[in-house]
Each structure stands twice: as C-alpha cells, then as structure tokens.
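Each chain, written out:
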Amino acid sequence: MTLRITSATTKVGLVLAVVIVGFGLGLSVALVFGETATLVVTLALSVGTSLFCARVFRGPDEPVGSARPAWQLTGGPASSVVLAVFFGLSGLSLLIPAAVHVETATSMVAGVVYAGLGLAYLFSGWKQRSRQPSVERHVVADDG
C-alpha cells in the first residue's frame, strides 16, 4: 500500500514537526560543526521534505491510488505558486548578499538550489493550470 496523506491537519502537523526537528538539528549542527555544515543539513532537509511531500501529499480532488506525474509537485496551481514564491525568496535571500559581498560557496549553492526549487514549483503550477479544463461561458440568445 502506498502512503498518501490527504488530511490538511496531518499535512500541517508533519510540516510543523519537520520545522521543529529541523530547528533543533540545525542548532545542534551549528554548535558542533559550524555554519557551512548547518547550511548543508538544512538544505538537505528542505529538499528532502519538499520531495517527500510532493510524492505523498494529495489534494482534495486528487486520486490517491495512482502516482502523480513527476512534474506535478502539488495538488493545485495555487499551492504551487505559494511554494514557488517561498523557495524563490529563500534562494534570493542567499544569492543577493553573495552579489554584494563575498559569501561562502555553500550559501551560493544553497541559493541556487532554493531558486531552482522555486522554479520547479512555478513550472508545476503553470503546467497544472494549463491542463485544467477551461470554463467557457456560452451566451444563449433570448428569442423572446
């Protein structure tokens, strides 16, 4: 049986648990190994969580039995746009300071990865929107 999560409460709870665990893990790694290791660990956790959620979470009207196409990362275009903005801004927050002054190569790589994730979510939303059946309004002439 394939794992599928459809409940909004479960989705929020899982993401919140990852954030809390990620904060503790990030703090621990920062204290022991330093900034670069922390960035690598949090980047891996973010990308891993995104991939896990893209494969396991299902939207309200989405079938749970079959796998999504590889390009489809969310249940609908709106959530794709929200995540595209989130990851895009995360990437920019790492890349813009790098353009102003010298940053670590790790933060630049992380910025590119986050920006790439943002683009992937944007593409997913665009493709989902283009695949939705368009609602055409038919004008009915009144002969009376």
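Residues numbered from 1 in each chain as written. Predicted model: local features only at pLDDT ≥ 70, side-chain atom pairs only at ≥ 80, totals over all residues. Heavy atoms only, no water.

Asks: Got a minute to help me understand the overall build of the protein chain in this structure?
Replies: Across its full length, the protein chain carries four helices and zero strands. Counting from the amino terminus, the protein chain carries its helices and strands in the arrangement α-α-α-α. Every one of the 144 residues in the protein chain was classed for burial, and the buried ones make up 28%. Contacts in the protein chain between residues far apart in sequence, at least 24 positions, make up 63% of those at least 6 positions apart. Carbon and sulfur atoms make up 71% of the accessible area of the protein chain, which amounts to about 9600 Å² in all. (Helix = DSSP H or I, 4+ residues; strand = E, 2+ residues; numbered from the N terminus. Buried < 20%, exposed > 50% of the residue type's maximum accessible area, 1.4 Å probe, protein only. Contact = heavy atoms within 4.5 Å. Areas by Shrake-Rupley, 256 points an atom, 1.4 Å probe, with all protein chains shown as cover.)

Asks: I'm lost on helix 2 (residues 35-56) in this one. Help?
Replies: An α-helical turn contains 3.6 residues, so a residue and the one three or four places further along point in the same direction. For helix 2, built from 22 residues, the straight-helix expectation of 32 Å at 1.5 Å per residue is met to within 8% by its first-to-last C-alpha distance of 31 Å. All of the buried residues in helix 2 are Thr 38, Leu 39, Leu 43, Thr 49, Ser 50, Cys 53, Ala 54 and Val 56. (Expected span 1.5 Å × (residues − 1).)

Asks: Looking at this model, I keep getting lost on helix 4 (residues 105-131). Mind explaining?
Replies: Taking 1.5 Å of rise per residue, the 27 residues of helix 4 would be expected to cover 39 Å, and the 39 Å separating its terminal C-alpha atoms lies within 8% of that figure. Taken together, the buried positions of helix 4 are Ser 107, Ala 110, Gly 111, Tyr 114, Leu 117, Gly 118, Tyr 121, Ser 124, Gly 125 and Gln 128. Contacts from the buried residues of helix 4 go to helix 2 and helix 3 (77-100).

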